[in-house]
Amino acid sequence: IAVVTEKVVHNKESRIDIFMESPSTKTVLVIENKVFTTTHNNQLARYEEELSDRADWRKIFVYLTPLGDAPYDFEKYRDNWCVFSYETILRIVRDIAKKIPNNKQSARLKFLLEDYFASEFAENTPMQSNSCLLIPITLKLLSSTQRHG
């Protein structure tokens, strides 16, 4: 699994917030994280166009906001994009964490996630924008533990 943050698209002014690809499964994940703003300049269409040369790949497009708000022009993208909140992402990562085996290779990942969950909820504060980074971190670490486990 390759993970890129701020992947440049078409020109240096257009960037995908989180881009993940797995050539072995021909799957690509695009996460557009919006905090205090919304889409602009056909942003979602440009990201779809960027991947148009991967016709036989599975493409997953996620529009992420703190509360799971859809973009103003969501009707145009409803078929290809899903909308998630940070809480949804955290729930997904928690489900992944439950499936991590209890072994020496996975200990670091389990500790990282358990520590994050404890600190995130102990303070009773809204999740910060970096919560969305749990997905690539978890998947990257999980893939490395599976290769060595």
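Calculation notes
- Residues numbered from 1 in each chain as written.
- Predicted model: local features only at pLDDT ≥ 70, side-chain atom pairs only at ≥ 80, totals over all residues.
- Heavy atoms only, no water.
- Helix = DSSP H or I, 4+ residues; strand = E, 2+ residues; numbered from the N terminus.
- Buried < 20%, exposed > 50% of the residue type's maximum accessible area, 1.4 Å probe, protein only.
- Contact = heavy atoms within 4.5 Å.
- Areas by Shrake-Rupley, 256 points an atom, 1.4 Å probe, with all protein chains shown as cover.
- Arc of directions from axis to C-beta.
- Salt bridge = Lys/Arg side-chain N within 4 Å of Asp/Glu carboxyl O.
- Core = buried A, V, L, I, M, F, W, Y, C linked by side-chain atoms within 4.5 Å.
- Phe/Tyr/Trp six-rings, centres within 6.5 Å; stacked < 30°, edge-to-face > 60°.
- Lys NZ or Arg CZ within 6 Å of the ring centre and 35° of its normal.

Draft legend 1. Examining the overall build of the chain more closely. From N to C terminus, the chain includes 4 helices and 5 strands. Reading the secondary structure of the chain in the N-to-C direction produces β-β-β-α-β-β-α-α-α. Counting across all 149 residues of the chain, residues that qualify as buried make up 39%. Nonlocal contacts in the chain, meaning residues at least 24 apart in sequence, comprise 53% of its contacts between residues at least 6 apart. Accessible area of the chain: about 9,100 Å², with a carbon and sulfur share of 51%.

Draft legend 2. Molecular detail of unusual backbone geometry. A positive phi angle, near 50 degrees, is found at lysine 26, a position not held by glycine. Structurally, lysine 26 is set in the loop between strand 2 (11-22) and strand 3 (27-33). At phenylalanine 36, a position not held by glycine, the phi torsion is positive, near 60 degrees. Considering the arrangement of structural elements, one finds phenylalanine 36 in the loop between strand 3 and helix 1 (43-50).

Draft legend 3. Region of the structure containing helix 1. Looking at helix 1, one finds that the buried residues are Gln43, Leu44 and Tyr47. Viewed end-on, helix 1 has its buried residues packed into an arc of 100 degrees, placing them on one side of the element.

Draft legend 4. The pattern of salt bridges, seen in detail. Overall, the coordinates contain 5 salt bridges when judged by the stated rule. When the shortest N-O distance is used, the salt bridge between aspartate 56 and lysine 26 registers 2.6 Å. With aspartate 56 in the loop between helix 1 and strand 4 (58-65) and lysine 26 in the loop between strand 2 and strand 3, the pair connects residues that are 30 residues apart, well separated along the chain. Between arginine 78 and glutamate 75 there is a salt bridge; the shortest N-O distance is 2.7 Å. Residue arginine 78 is classed as partly exposed on the basis of its relative accessible area, which comes to 46%.

Draft legend 5. Structural detail: the nonpolar core. Counting 16 residues, the largest nonpolar core has Ile31, Leu64, Leu113 and Phe117 as its most contacted members. Of all the elements in the fold, those that place two or more residues in this core are strand 2, strand 3, strand 4, helix 2 (86-98) and helix 3 (107-122). Sorting elements by how many residues they give to this core places helix 2 first, with 5 residues.

Draft legend 6. Spotlight on the packing of aromatic side chains. For the structure on display, the rule yields 1 aromatic pair. Both rings, one in phenylalanine 61 and one in tryptophan 81, keep their centres 4.8 Å apart while their planes meet at 35 degrees; by these two values the pair is tilted. Remark: tryptophan 81 occurs in strand 5 (residues 81-85) and phenylalanine 61 occurs in strand 4; sequence separation between them is 20 residues. According to the relative accessible area criterion, tryptophan 81 is buried, its value standing at 3%. Residue placement shows arginine 54 over the ring face of tryptophan 57; its charged tip is 4.6 Å from the ring centre.

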